[in-house]
Amino acid sequence: HTTSSFGMFYAGDGILDNDELGDRLVDDDLLVLLNASGGDLGFHMPLPDEQRRWELLIDTSNDKNQASLAAGDFSPLMAHSLQLWRRARVGQPVR
């Protein structure tokens, strides 16, 4: 049995560049979840940051889906769908 899915994490604090004032660039974390299989799956939200929540920006299986999850929480991912999640950088509230 094989599964056609993946998750890709973009760390906002992993930017290896500075702004014009020489300060380190830091941005939001992003998480892309893709399920290309014919069955529903689920992912656990990345750890270890338990103080910042993940906000669902896009869910191609349901345009009206709104969610906010903590690190380690489970996110169902419907067949043939994509989700984009955002975790605000430190000091920035999730909208």
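Note: the structure precedes this text.
Here is a short report on the structure shown in this document. No experiment lies behind these values; they were computed from the predicted model shown.

**Overview of the environment of Gly-12**
Moving on, step 1. Looking at where Gly-12 falls in the secondary structure, it is placed in the loop between strand E1 (5-10) and strand E2 (29-35).
Moving on, step 2. Residue Gly-12 is classed as buried on the basis of its relative accessible area, which comes to 3%.
Moving on, step 3. In contact with Gly-12, other than residues within four places in its own chain, are Leu-25, Val-26, Asp-27, Asp-28 and Asp-29.

**Some remarks on the nonpolar core**
Moving on, step 1. With nine residues, the main nonpolar core is built from Leu-31, Leu-33, Phe-43, Met-45, Trp-54, Leu-56, Leu-69, Leu-77 and Trp-85.
Moving on, step 2. Of all the secondary structure elements, the ones that give two or more residues to this core are E2 and strand E4 (54-59).
Moving on, step 3. Residues in contact with Met-45, not counting those within four places in the same chain, are Leu-31, Trp-54, Leu-69, Ala-70, Ala-71, Gly-72, Asp-73, Ser-75 and Trp-85.

**Focus on the environment of Leu-82**
Moving on, step 1. Assignment of secondary structure puts Leu-82 in strand E7 (residues 81-87).
Moving on, step 2. Judged by its relative accessible area of 27%, Leu-82 is partly exposed.
Moving on, step 3. For Leu-82 and Ser-61, which are 21 residues apart along the polypeptide, the C-alpha to C-alpha distance reads 7.4 Å.
Moving on, step 4. Beyond its immediate stretch of four places on either side in the chain, Leu-82 contacts Val-32, Leu-33, Leu-34, Ile-58, Asp-59, Thr-60 and Leu-77.

**Some remarks on the packing of aromatic side chains**
Moving on, step 1. Taken as a whole and assessed by the stated rule, the structure comprises one aromatic pair.
Moving on, step 2. Centre to centre, the rings of Phe-9 and Trp-54 are 6.1 Å apart; their planes meet at 70 degrees, and the pair counts as edge-to-face. Residue Phe-9 is found in strand E1, and its partner Trp-54 is found in strand E4; the two are separated by 45 residues along the sequence.
Moving on, step 3. Judged by its relative accessible area of 39%, Phe-9 falls in the partly exposed class.

Calculation criteria
Residues numbered from 1 in each chain as written. Predicted model: local features only at pLDDT ≥ 70, side-chain atom pairs only at ≥ 80, totals over all residues. Heavy atoms only, no water. Helix = DSSP H or I, 4+ residues; strand = E, 2+ residues; numbered from the N terminus. Buried < 20%, exposed > 50% of the residue type's maximum accessible area, 1.4 Å probe, protein only. Contact = heavy atoms within 4.5 Å. Core = buried A, V, L, I, M, F, W, Y, C linked by side-chain atoms within 4.5 Å. Phe/Tyr/Trp six-rings, centres within 6.5 Å; stacked < 30°, edge-to-face > 60°.

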